[in-house]
Amino acid sequence: MVHHISDEAADEPGITTQTPSNDPSQAPLVYKVGYPPPKNLATEFTETLRETFFHDNPLRQYKGQSGPRRFMMGLEFLFPIFGWVRDYSLSKFKGDLIAGLTIASLCIPQDIGYSKLANLDPQYGLYSSFIPPLIYAAMGSSRDIAIGPVAVVSLLIGSLLQAEVDHVKNKEEYMRLAFTATFFAGITQAALGFLRLGFLIEFLSHAAIVGFMGGAAITIALQQLKYVLGIANFTRKTDIVSVMESVWRSVHHGWNWQTIVIGVSFLVFLLFAKYIGKKNRKLFWVPAIAPIISVILATFFVYITRADKQGVQIVKHIEQGINPSSVHKIYFTGPFVAKGFKIGVVCGIVGLTEAVAIGRTFAAMKDYQLDGNKEMVALGTMNIVGSMTSCYVTTGSFSRSAVNFMAGCKTPVSNVVMSVVVLLTLLVITPLFKYTPNAILGSIIISAVIGLVDYEAAILIWKVDKLDFIACMGAFFGVVFVSVEIGLLIAVAISFAKILLQVTRPRTALLGNLPGTTIYRNISQYPEAKLTPGVVIVRVDSAIYFSNSNYVRERILRWLTDEEDRAKALGLPKISSLIVEMSPVIDIDTSGIHALEDLYKNLQKRDMQLILSNPGSVVIEKLQASKLTEHIGSSHIFLAVSDAVRFCTTKSMQEP
């Protein structure tokens, strides 16, 4: 029996060869499917564990190092600041100083607005941009992320907390639950990092995130209508129907024209500033400082005109001073612990997903590596500390990180500069925000979240993968028409449904020969490929597990039946062999092996031969252990489809 193999496959370990004969009439080299060396349970378990949790081999850098050096390297691993601070210079500080001042001018008005999204007093937004950025600067590995409250997480925590406790009637209880949720958000993030379980957040697909973020942006923008239009009695629901009903119900008696003038005029100004920054990247600072300029002008306008006497809602009081301790306010016992844990896990994962995505984006732009697990530990630690210092859930902000990047930041010191500016604001400037109209904060938030509606990404998703687009739109409409948490649930559900669909219904293909070659390819992709008379060649494009084994067997038999009908209709030779190309089959379990056994028995009843082509090392090892190779016959397992076809055609020619 003669087999052929490509040059690449010939280098695979475990493949046996025979020495070629000098007689040209002799058969060419014989290549057979190799069997990997057996592994004991401990070795197999260790290798699987290492590839699952330690695929990046994080301990390799410690090999051959002295004890003190290992200690320093471990310290640098937990606190990257000890690594980059050695090379820090004045030129780098200049870049960080400019970037830090720029993002501070952006974050201060945003923080005050985002705290309202979370149904918290304005100072809590500022608190959350003071302590957490300092922790991240010491522990984070991204040079570009700007840390602070973000719109989506603020809305999410606000809506989830409001469902449990009314922030007006039970203000103290609401605030305590917010700190509890922040604590558990940090615990979740840090645990995922320490246990190297970061791959779990990858289950939320990119398409679902695009839809969720877009829907959340629309919801956040609609929520700001109560500030921009000056509506006093506004619905607490977040769905678009309830919001629009609330808006139109108050059109004759609830709108305030002075508020509308302030809100709309400054919204136009902010959008124009964003347009300028987008058209000319050198003018990135224009949209960055536009919010603080808007706040100053709007506050001055309200103060000199006393528009607050005419119904214009203002911030009124922002508590002065640095973050007070909130350790005693976190629920560690009682019924609110479970509620805080549930909300914290959801907000922590959403915040983590956003921060890691932002970090990886800018790391790719600057060509440096970002350790996802290290990022999770840093984000988790800063939220744990933040929960004890009157902060709510913080993460990486895309708008501020983009400004930070364009302003020329070099290291996380830009976060430190921003934090210092926020500190000075808390100590000195907060009384000046007394007459800041809520309308300008609403306008700032609307202009900030518009960028989250990524319609270009949605169009691309539609072109690439229709199932992904369904996930995107499901998340989007779930947020817009129901609630943020329902939209998130839909995003997760559709992401998992896609995985299950792909696992339970893997692709299979009918293969044909490309004329003039020994290559066999999918006839749908290559219409010129010719089917081999008397032989059906099917490729399975997935691992064969309990979840899809029956489908794979039935789909192969359907291919076989269709080809039998076609052969009979065209008067072609009877089908005598079925070749299953197993190159893409990376693994198989006992259910998959039973499915192959059933397929083998079914073919025997039809007087057909089952032939396997190129099973991988894991697959052939399991087939051998189950004795299936003995049933099929080792002579019917080939390294290449061309070898299997040659065997089948030679055999059919020899038969009378």
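The shown structure was predicted, so the numbers you read here are calculated from the model rather than taken from an experiment.

Draft legend 1. Seen up close, helix α24 (residues 590–605). Between its first and last C-alpha, α24 extends 23 Å over 16 residues, near the 22 Å set by a 1.5 Å rise per residue. The set of residues buried in α24 consists of Gly592, Ile593, Ala595, Leu596, Glu597, Leu599, Tyr600 and Leu603. Buried residues belonging to α24 abut α23 (549–570), β6 (577–581), β7 (609–613), α25 (617–625) and α26 (628–632). The N-terminus of α24 is capped by Asp589, whose side-chain oxygen sits 3.2 Å from the backbone nitrogen of Ser591. Asp607 sits one or two residues past α24 and shows a positive phi near 60°.

Draft legend 2. Quick peek at helix α20 (residues 455–464). Those residues of α20 that sit buried are Ala457, Ala458 and Ile461. Taken down its axis, α20 places every buried residue within 100° of arc, on the same side. Turned more than 90 degrees away from the buried face of α20 sit Tyr455, Glu456, Leu460 and Lys463, all of them exposed. Buried residues in α20 make contact with α10 (206–223) and α21 (466–481).

Draft legend 3. Representation of unusual backbone geometry in the model. We note that Arg306 has phi near 50°; this positive angle belongs to a residue other than glycine. Its place among the elements puts Arg306 in the loop between α14 (285–305) and α15 (336–366). For Asp367, which is not glycine, the phi dihedral falls at a positive 60°. With respect to the helices and strands, the residue Asp367 is situated in the loop between α15 and α16 (372–387).

Draft legend 4. Molecular detail of the sheet that holds strand β8 (residues 637–638). Overall, mixed pairing links the six strands, which are arranged β4-β3-β5-β6-β7-β8 in an open sheet. Every interior strand has two partners, whereas the edge strands, β4 (520–522) and β8, have only one. Across the sheet, α23 touches β3 (508–513), β5 (535–540) and β6, and the angle it forms with β5 is around 150°.

Draft legend 5. Representation of the packing of helix α5 (residues 90–117) against helix α19 (residues 438–449) in the model. Close contact between α5 and α19 brings their axes to 9 Å; oriented N to C, the two are set at 95°. By the angle class used here, α5 and α19 are roughly perpendicular. Residues Pro109, Gln110, Ile112, Gly113, Tyr114, Lys116 and Leu117 of α5 form the contact with α19, whose own contacting residues are Asn438, Leu441, Ile444, Ile445 and Ala448. Its residues assigned to classes, the contact of α5 with α19 comprises eight nonpolar, three polar and one charged.

Draft legend 6. Structural detail: the domain arrangement of the chain. Structurally, the chain comprises domain 1 (93–494) and domain 2 (506–651). One C-alpha centre belongs to domain 1, the other to domain 2; they are set 55 Å apart.

Draft legend 7. Region of interest: the packing of helix α9 (residues 171–194) against α15. Viewed as axis vectors pointing N to C, α9 and α15 meet at an angle of 55°, and their least axial separation amounts to 6 Å. Between α9 and α15, the angle falls in the class oblique. Here the hand of the crossing between α9 and α15 comes out right-handed. Packed against α9, whose contacting residues are Glu173, Leu177, Thr180, Ala181, Phe184, Ala185, Thr188, Gln189 and Leu192, the element α15 presents Phe336, Val337, Lys339, Gly340, Phe341, Ile343, Gly344, Val345, Gly348, Ile349, Gly351 and Leu352 at the interface.

Draft legend 8. The arrangement of the side chain of Asn404 in detail. By the secondary structure assignment, Asn404 is in helix α17 (residues 398–406). Asn404 sits in the buried class, given a relative accessible area of 0%. Among the polar contacts listed, one links the side chain of Asn404 to the backbone oxygen of Asp144, at a separation of 2.9 Å. Among residues more than four places away in sequence, those in contact with Asn404 are Ala99, Ile103, Arg143, Asp144, Ile145, Ala146, Cys409 and Ser414.

Draft legend 9. Geometry of the pattern of salt bridges. Overall, the coordinates contain 19 salt bridges when judged by the stated rule. A salt bridge links Asp468 to Lys498; the nearest nitrogen and oxygen atoms lie 2.5 Å apart. Taken as a pair, Asp468 in helix α21 and Lys498 in helix α22 (residues 484–504) lie far apart in primary sequence, 30 residues in all. The pair formed by Asp468 and Lys498 is uniform in burial state, with each residue classed as buried. Connected via shared salt-bridge partners are Glu164, Lys339 and Lys342.

Draft legend 10. Spatial organisation of the environment of Phe183. Its location among the elements puts Phe183 in helix α9. Residue class for Phe183 comes out buried when judged on its relative accessible area of 11%. Counting along the chain gives 199 residues from Phe183 to Met382, while the straight-line C-alpha distance between them is 9.6 Å. Leave out the neighbours within four places in its chain, and Phe183 touches Ile330, Phe332, Ile384, Ser387 and Met388.

Draft legend 11. Local environment of the packing of aromatic side chains. The final tally for this structure, using the stated rule, is 16 aromatic pairs. Judged by centre distance (6.3 Å) and plane angle (85°), the ring pair of Phe79 and Phe82 falls under edge-to-face. Relative accessible area serves as the criterion here: at 29%, Phe79 is assigned to the partly exposed category. Note on Phe82: relative accessible area 38%, which makes it partly exposed. Here the guanidinium or amino end of Lys466 rests over the ring plane of Trp462, the centre of that ring lying 4.7 Å away.

Draft legend 12. Representation of the pairing of β6 within the structure. Burial of β6 is extensive: five of the five residues sit out of reach of the surface. Burial of the side chains of β6 extends over both faces: Ser577, Ile579 and Glu581 are buried on one face and Leu578 and Val580 on the other. Where β5 meets β6, five bridges bridge the pair, whose relative direction is parallel. Looking at the pairing, Val538 lines up with Val580 of β6. In this fold, β5 hands off to α23, which returns the chain to β6; that crossover is right-handed. Across five bridges, the pairing between β6 and β7 is parallel. Bridge assignment links Ile579 to a residue of β7, and that residue is Ile611.

Rules behind the numbers
- Residues numbered from 1 in each chain as written.
- Predicted model: local features only at pLDDT ≥ 70, side-chain atom pairs only at ≥ 80, totals over all residues.
- Heavy atoms only, no water.
- Helix = DSSP H or I, 4+ residues; strand = E, 2+ residues; numbered from the N terminus.
- Expected span 1.5 Å × (residues − 1).
- Buried < 20%, exposed > 50% of the residue type's maximum accessible area, 1.4 Å probe, protein only.
- Contact = heavy atoms within 4.5 Å.
- Polar contact = N/O pair within 3.5 Å; in protein donor to acceptor, adjacent residues only side chain to side chain.
- Arc of directions from axis to C-beta.
- Pairing = 2+ DSSP bridges.
- Axes fitted to C-alpha atoms, helices over the stretch in contact; angles between N-to-C directions.
- Parallel < 35°, antiparallel > 145°, perpendicular 65-115°, else oblique.
- Nonpolar A, V, L, I, M, F, W, Y, C, P; charged D, E, K, R; others polar.
- Domains from an automatic or database assignment.
- Left-handed = near helix turned anticlockwise from the far one by under 90°.
- Salt bridge = Lys/Arg side-chain N within 4 Å of Asp/Glu carboxyl O.
- Phe/Tyr/Trp six-rings, centres within 6.5 Å; stacked < 30°, edge-to-face > 60°.
- Lys NZ or Arg CZ within 6 Å of the ring centre and 35° of its normal.
- Right-handed = clockwise from strand over helix to strand, strands pointing away.

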